[in-house]
Amino acid sequence: MLSARNLEVVYDDVVRALRGVSLDVPDGRIVALLGSNGAGKTSLLRSLTGLLDVHHGEVTKGTVSLDGDDLRRTPPEKIVKRGVRQVLEGRRVFVELSVEENLKVGAHTARSLMAQNLERVYGLFPVLADRRGKTAGYLSGGEQQMLAMGRAMMSSPRYLLLDEPSLGLAPLMVAAIRDVIVEINQEGTGILLVEQNAAMALSIAHHGYVMETGRVVLDKPAAELNADDDVREFYLGLH
Ligand code: ATP
């Protein structure tokens, strides 16, 4: 299990982004992490993948752990090797490389399994198979999101952490991304899904957390969050 306990995160020694956050991502589950802009969702993801340093942030209290092992001093590449893989917001792909080259770059932790993983990723994302020789910069926004996810899947992660995968995409593409998240999960990968699109996230999640200004204010099974009218209106903006 991937866990955060009573986590406090501070940027530049002054900005308190997380004020005592606890969250669990159990194996093989989909966990939705919801909340408005600036609530601290991205900071929590960065804490789990060792990427706070790059953003001048640090854990000032609490722990981040994988199967009970403290990850706070573990470098990001070691965290990836242990099976925790993050797809960054903004679907960063190498725009000058082809689709297949992008995927091969993603495989750096498991070269021996490259061919097998390529086939698996092309199975998950047939549109990437169709475009394998195309320059990634010419893909649509949704296809680039798929490529960013496909690249992460090249290392067969145990956990996939997704930061707003539906951002800016048309409804049909959002539905396609949702379906592929479900498929990836059904193959055994645990998912932490950060989303503004609460309806989409809760439609597939097992559990949901809602954050507000650096704290978790709700921590419940997704079905309960979805069924609660007050929660829907006040926290999720759904009616
Ligand atoms: P968004 O949906 O806008 O990404 P979020 O819920 O992911 O929001 P964070 O990005 O984690 O929230 O931001 C939490 C708080 O930390 C905000 O007040 C934000 O301004 C601040 N913050 C985030 N990154 C940095 C940084 N690199 N330096 C300083 N402050 C930061």
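What counts and what doesn't
- The numbers attached to residues start from 1 for each chain and follow its sequence in the written order.
- In keeping with the predicted nature of the model, local features appear solely for residues at pLDDT of at least 70, side-chain atom pairs appear and are counted solely at 80 or more, and the whole-chain, interface and lining totals rest on all residues.
- Only hydrogens and water are removed before side-chain values are computed, so all heavy atoms of the structure are retained for them.
- Each residue's exposure class comes from its accessible area (1.4 Å probe, protein chains only) as a fraction of the maximum for that residue type: buried when under 20%, exposed when over 50%, partly exposed otherwise.
- Under the scheme used here, helices are H or I runs from DSSP no shorter than 4 residues and strands are E runs no shorter than 2 residues, and both carry numbers assigned from the N terminus.
- DSSP calls a pair of strands paired once it identifies at least 2 bridges connecting them.
- Here, the arc refers to the directions that run from the helix axis to the C-beta atoms.
- The criterion used for residue contact is that any of the two residues' heavy atoms lie within 4.5 Å.
- For helices, the axis comes from a line fit to the C-alpha atoms of the stretch in contact; other axes are also lines fit to C-alpha atoms, and the angle between any two N-to-C directions lies between 0 and 180 degrees.
- In this description, a nonpolar core means a group of buried Ala, Val, Leu, Ile, Met, Phe, Trp, Tyr and Cys residues linked to one another through side-chain atoms lying within 4.5 Å.
- Exposure above 30% relative accessible area and no salt bridge define the residues that can form patches, which grow by joining like charges within 9 Å and nonpolar side chains of Val, Leu, Ile, Met, Phe, Trp and Tyr within 5 Å.
- The method behind every accessible area is Shrake-Rupley, applied with a 1.4 Å probe, and residues are considered shielded solely by the protein chains displayed.
- Should a side-chain nitrogen of Lys or Arg be within 4 Å of a carboxyl oxygen of Asp or Glu, the pair is scored as a salt bridge.
- Note that His is not counted, nor are the chain ends; the positive residues are Lys and Arg, and the negative ones are Asp and Glu.
- Lys charges are placed at NZ, Arg charges at CZ, Asp charges at CG and Glu charges at CD.
- For this purpose, a residue is taken to be near a molecule or strand whenever a single non-hydrogen atom of the residue falls within 4 Å of it.
- Any pair of N or O atoms that falls within 3.5 Å is considered a polar contact. Within protein, one atom must be able to donate a hydrogen and the other to accept it, and sequence-neighbouring residues count only if both atoms are side-chain atoms.
- Looking down the strands as they point away from the viewer, one classifies a crossover as right-handed if the path from the first strand across the helix to the second runs clockwise.

Asks: Before we go on, may I ask you to explain the pairing of strand E3 (residues 30-35) in this structure?
Replies: Regular strands place side chains that alternate from one sheet face to the opposite one. With 6 of 6 residues buried, E3 is to be regarded as a mostly interior element. Covered by surrounding structure in E3 are Ile30, Ala32 and Leu34 together with Val31, Leu33 and Gly35, the residues of both alternating faces. The pairing of E3 with strand E8 (residues 190-194) spans 4 bridges and is classified as parallel. Each residue of the ladder has a partner; that of Ile30, found in E8, is Ile191.

Asks: Is there a simple way to explain helix H4 (residues 114-124) in this structure?
Replies: Since the α-helix packs 3.6 residues into each turn, any two residues three or four apart lie on the same face. The set of residues buried in H4 consists of Met114, Asn117, Leu118, Val121, Tyr122 and Leu124. Axial view of H4: buried residues confined to an arc of 155°, hence all on one face. Across H4 from its buried face, at more than 90 degrees, point the exposed residues Ala115 and Gln116. Elements that come into contact with the buried residues of H4 comprise helix H3 (99-106), helix H5 (126-130), helix H6 (141-153) and helix H7 (171-186).

Asks: What should I look at first to understand the sheet that holds strand E2 (residues 15-25) in this one?
Replies: Pairing between the strands of a sheet comes from backbone hydrogen bonds, and it takes one of two forms, parallel or antiparallel. With respect to topology, 4 strands assemble into an open sheet ordered E2-E1-E4-E5, the strand pairing being antiparallel. This sheet does not close on itself; its edge strands, each paired only once, are E2 and strand E5 (69-70). Sheet analysis places strand E4 (residues 57-66) next to E5, joined by 2 bridges and oriented antiparallel. What sits directly across from Leu66, in E5, is Asp69. This element, helix H1 (residues 41-49), spans strand E1 (2-11), E2 and E4 of the sheet and lies at about 115° to E1.

Asks: Please clarify how the nonpolar core should be interpreted in this entry.
Replies: Within soluble globular proteins, side chains that are nonpolar generally end up buried alongside one another. One finds Met149 and Ile181 to be the most contacted residues of the largest nonpolar core, which totals 48 residues. Among the elements that line this core, the one with the most residues is H6, at 6 residues. Listed in part, the 28 residues of the second largest apolar core include Ala4, Val25, Leu44 and Tyr159.

Asks: Explanation requested: a negative patch on the surface in the structure shown.
Replies: On the surface, Asp12, Asp13, Asp53 and Glu58 cluster together into a negatively charged patch. Looking at the element boundaries, Glu58 is found in strand E4. For Glu58, a relative accessible area of 41% corresponds to the partly exposed category.

Asks: Sorry, what's going on with the site of the ligand here?
Replies: Around the ligand sit 17 residues in total, of which Gly38, Gly40, Lys41, Thr42 and Ser43 are the nearest. At 3.1 Å from an oxygen atom of the ligand is found a main-chain nitrogen or oxygen belonging to Ala39. Contacts to the ligand include Lys41, whose side-chain N or O atom sits 2.8 Å from an oxygen atom. Within the complex, the protein chains bury 69% of what would otherwise be the 630 Å² of accessible surface of the ligand. For the shell around the ligand, the secondary-structure elements that each account for two or more residues are E2 and H1.

Asks: I tried to follow the pairing of E8 on my own but got confused; where do I start?
Replies: Most of E8 sits out of view: 5 of its 5 residues are buried. Pairing between strand E7 (residues 159-163) and E8: 5 bridges, direction parallel. By the bridge assignment, Tyr159 is partnered in E8 with Gly190. This β-α-β element, E7 to H7 to E8, shows right-handed connectivity.

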